[in-house]
Amino acid sequence: MEAAPLTTGPAGVETGTTRSEVRSGAASLEFRGVSKTYGSGSGAVVVGTPGAVNDLSFQVPAGAICVLVGPSGCGKTTTLKMVNRLIEPSAGQILLDGVDVQTEDVTALRRRIGYVIQQVGLFPHLTVGRNVAVVPALVGWSKARQRARSDELLSLVGLEPERYRNRYPAQLSGGERQRVGVARALAADPPLMLMDEPFAAVDPIAREGLQDEFLRLQKELAKTILFVTHDVDEAIKMGDLIAVLAEGGRLAQFGPPDEILSHPASDFVARFVGEDRGLKRLSLRTVADLKVEPIGPADGLPTFTPATKLRDALSILLVADTRGGIALDEAGRPRGLVTVDNIASALADEPANPRTRE
Amino acid sequence: MSSEPLVRWDWLAAHLGPIAGRIEQHLYLTLIAVSVGFAISFLLATVAIRRRRLYPLIVVVTTGVYTIPSFALFAALIVFSGPSVLSAEVPLIMYTLVLFVPNIVAGFDAVPWDVLDSADGMGYTPGQRWWHVELPLAIPLVVAGLRLATVSTIGLVTITSILGDSLGGLGYYILDGYHRTFTTEILVGGLLSIGLAVLADLGLVLLQRVLTPWTTAREAVR
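These figures come from a predicted structure and were not determined experimentally.

### Description of the overall build of chain A
Of the regular secondary structure elements, chain A holds 15 helices and 13 strands. For chain A, buried positions account for 41% of its 358 residues. Here the analysis covers contacts within chain A between residues at least 6 apart in sequence; of these, 68% occur between residues at least 24 apart.

### What about the interface of chain B and chain A?
On the chain A side, the residues contacting the 19 residues of chain B number 19 residues. The set of elements that each furnish at least two residues to the side of chain B that touches chain A consists of α6 (113-121) and α7 (126-157) of chain B. Ranked by the residues each element gives to the side of chain B that touches chain A, the list is headed by α6(B), at six residues. For the side of chain B that touches chain A, a count of residues per class yields ten nonpolar, five polar and four charged.

### Re the pairing of strand β3 (residues 65-69) of chain A
All names here are of chain A. Of all the five residues making up β3, five are buried; the element is thus mostly covered by neighbouring parts of the structure. In β3, alternate side chains face the same way, and those of Ile 65, Val 67 and Val 69 on one face and Cys 66 and Leu 68 on the other are all buried. Taken together, the five bridges between β3 and strand β8 (residues 224-229) define a ladder with parallel strand orientation. Across the sheet, Ile 65 pairs through a bridge with Ile 225, a residue of β8. Where β3 meets strand β9 (residues 241-246), four bridges bridge the pair, whose relative direction is parallel. If you follow Cys 66 over to β9, its bridge partner there is Leu 241.

### Considering the nonpolar core
Within the largest apolar cluster, 113 residues are counted, with the highest numbers of intra-cluster contacts made by A:Cys66, A:Val67, A:Ala183, A:Leu226, A:Phe227, A:Ala243 and B:Val101. With sequence-adjacent residues up to four places away left out, A:Ala183 is seen in contact with A:Val132, A:Leu153, A:Leu154, A:Leu156 and A:Val157. Counting eleven residues, the second largest nonpolar core, distinct from the first, contains A:Leu282, A:Leu310, A:Val338 and A:Ile343.

### Some points on the confidence of the model for chain A
All names here are of chain A. On average, residues of chain A score 85 in pLDDT, and 87% of them reach the 70 mark or higher. Low pLDDT (under 50) marks residues 1-23, which in the prediction has 30 contacts with non-local residues, meaning those over four places away or in another chain. The model gives residues 354-358 a pLDDT under 50, and that stretch makes seven contacts with residues more than four places away or in other chains.

### Considering the sheet that holds strand β12 (residues 325-328) of chain A
Residues and elements named next belong to chain A. Here we have three strands laid out as an open sheet, ordered β11-β12-β13, and mixed in their pairing. Whereas interior strands pair on both sides, the edge strands pair on one side only; in this sheet they are β11 (303-304) and β13 (334-338). Where β12 lies against β13, four bridges are found, and the strand directions are antiparallel. When the bridges of β13 are listed, Gly 325 appears paired with Val 338.

### Looking at the confidence of the model for chain B
Averaged over every residue, the pLDDT of chain B is 92; residues scoring 70 or more account for 96%. The ipTM value of the predicted complex is 0.83, and its pTM value is 0.81.

### Quick notes on the sheet that holds β8(A)
All names here are of chain A. Within the open sheet, the six strands sit side by side as β6-β7-β8-β3-β9-β10. Their pairing is mixed. The outermost strands of the open sheet, each flanked by one partner alone, are β6 (113-117) and β10 (250-255). In this sheet, neighbouring strand axes are inclined to one another by 15° on average, regardless of whether the strands run parallel or antiparallel. Relative to β8, strand β7 (residues 192-196) runs parallel, the two sharing five bridges. Directly across from Met 193, in β8, lies its bridge partner Ile 225. Where helix α2 (residues 76-83) meets the sheet, it contacts β3, β6, β7, β8 and β9, and its direction lies at approximately 150° from that of β8.

### A word on the environment of A:Leu317
All names here are of chain A. For Leu 317, the location among the structural elements is in helix α14 (residues 310-320). C-alpha separation for the pair Leu 317 and Thr 339, spaced 22 residues apart in sequence, amounts to 7.8 Å. The residues touching Leu 317, leaving out its near neighbours within four places in the chain, are Thr 322, Gly 324, Gly 325 and Val 340.

### A look at unusual backbone geometry
All names here are of chain A. Notably, Arg 85 is not glycine yet its phi reads approximately 60°, a positive angle. Relative to the helices and strands, Arg 85 resides in the loop between α2 and β4 (91-96). Owing to 19 C-beta atoms within 10 Å, Arg 85 belongs among the partly exposed residues under this scheme.

### Regarding α2(A)
Residues and elements named next belong to chain A. Burial of α2 is extensive: eight of the eight residues sit out of reach of the surface. Three or more residues of α2 are buried, namely Lys 76, Thr 77, Thr 78, Thr 79, Leu 80, Lys 81, Met 82 and Val 83. Positive phi shows up at Arg 85, right after α2, with a value of about 60°.

### Re the packing of α7(B) against helix α9 (residues 183-211) of chain B
Residue and element names in this part refer to chain B. Two elements in contact, α7 and α9, have axes whose closest approach is 9 Å; the angle formed by their N-to-C orientations is 170°. Here α9 runs roughly antiparallel to α7, going by the angle between their axes. Residue-level contacts link Ile 139, Pro 140, Val 143, Leu 146, Arg 147, Thr 150, Val 151, Ile 154 and Gly 155 of α7 to Ser 193, Leu 196, Ala 197, Ala 200, Asp 201, Leu 204, Leu 207, Gln 208 and Leu 211 of α9. Looking at side-chain class alone, the contact of α7 with α9 contains twelve nonpolar, four polar and two charged residues.

### Comments concerning the packing of helix α4 (residues 70-81) of chain B against helix α5 (residues 85-109) of chain B
All names here are of chain B. Across the interface, α4 lies against α5 with an axial gap of 8 Å and an inter-helix angle of 140°. Relative to α5, the element α4 lies oblique. In this structure, α4 crosses over α5, and the sense of that crossing is right-handed. The segment α4 lies against α5, with Ser 70, Leu 73, Phe 74, Leu 77, Ile 78 and Ser 81 engaging Leu 86, Ser 87, Val 90, Pro 91 and Tyr 95. Looking at the contact of α4 with α5 residue by residue, the classes come out as eight nonpolar, three polar and no charged.

What counts as what
- Residues numbered from 1 in each chain as written.
- Chains lettered and ligands numbered in written order.
- Predicted model: local features only at pLDDT ≥ 70, side-chain atom pairs only at ≥ 80, totals over all residues.
- Helix = DSSP H or I, 4+ residues; strand = E, 2+ residues; numbered from the N terminus.
- Buried ≥ 20, exposed ≤ 12 C-beta atoms within 10 Å, placed from the backbone.
- Contact = placed C-beta atoms within 7 Å.
- Nonpolar A, V, L, I, M, F, W, Y, C, P; charged D, E, K, R; others polar.
- Pairing = 2+ DSSP bridges.
- Core = buried A, V, L, I, M, F, W, Y, C linked by C-beta atoms within 7 Å.
- pLDDT = per-residue confidence, 0-100.
- Axes fitted to C-alpha atoms, helices over the stretch in contact; angles between N-to-C directions.
- Parallel < 35°, antiparallel > 145°, perpendicular 65-115°, else oblique.
- Left-handed = near helix turned anticlockwise from the far one by under 90°.

Here it is, written out as structure tokens:
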């Protein structure tokens, strides 16, 4: 019955009204001394149990992506699942827009928090269209409004509704499933999204595409997002803020990516982010951020658009074995000369501006 | 006797009415056994899923029942409840349990954990999760159990003929033909019973297709 294509009329009007719901607000998120301990059979607390979390405190402002990153067993997923209370904390408070999630009705709480997991967890017995509309159906939207919302979100994540809405999940590729998973989590316009390794199950090329697309989407949606990954590069790319967790669920460092790369708080963090953290910092900056030198004879030099990441620019210069490349401005006119030296000196400057990333 | 043909068509033509009546009885006995057996099994399976420790016990009991020869069980029940529908149904029902319970449990076990995790995470109440997610996804294996139990019960109903002429469905003809060394009756009872089992099985396959369209959609990938 969901097969009926939307026609003009009431359903069309509904699309108009739901459009505004795509961007209605984000919530702030705060962890206050949150711990999760897992007792042994005898009731004694086992120190260092995988998944345990130890006295976490940090704040995520509304509209920011906060990435939880750390080695396996460090409690990332536990931390995430305590927000929608799939796991109950042993101590501490989690505040959503200043309200302790423990004081809310658990079902109502979960329905206004988007939830995306690595395995996606699409319902195999429902069509893509109905999968996306699962939460709207739970909270009692009309069928027409569910359908309109579902089509709107499929378009938003780049899946043509006409082609996809009547398919079953088994008829999708891994990347398409992840998109449907994101669309489903956005359906009831949640002020907070929890994403547990959402892109880890797809191949590296598809993953990069999904990450870029999601960042583009987030620019428009500006949701608050708690994002779990074990991949440092993904954390640096996706995070406005990064919480590095160490074994035992301790918060090893919390801050913007550039700060974590430039000033790791401990040997653990330095080792975890890797010896190439200098290069990683270059991927936070683009050619547009660079102070350039006057151009001399420019024949045959590589050119860089303003959006080119410095890490890529450096790599191109090293491979091409030239003295420099030409930085272009937005209009494609030469702006100045980029050399290995000016790329290196960029890291000495002030921290990367998160707004100019991508 | 040696001049008797394998099938006496004139006998067949003269008995179409009674044969139809026996088919009806056969289906009726099967339907009761399968429905009641399914209800009891669903309960037992639900207990087994909630209390995993009890599952081995349930398996031992239902399998134990299955080892009792049906012939002996029907004969024993005549002592208690006479040649009644009850005497026919109790063993038939008991024999379905061993076919139903493991399939129902496996059906619910087969629901992927990530599907359950996301259902919980999106705010399904336990009841909504069971009805809208677990039950539909368990259907393929539950129907597999239903097919086994139905086919097996249609075969077993013929043995209830030993309870008396008023029971047995098509088994009445098999037993009567045996006593009278009348192959026409044996063939009519046996072949029609097989026919019923095949038709019922096909019907259940179709039912499953209708109930679970997603299981056949796979081939339609662009």
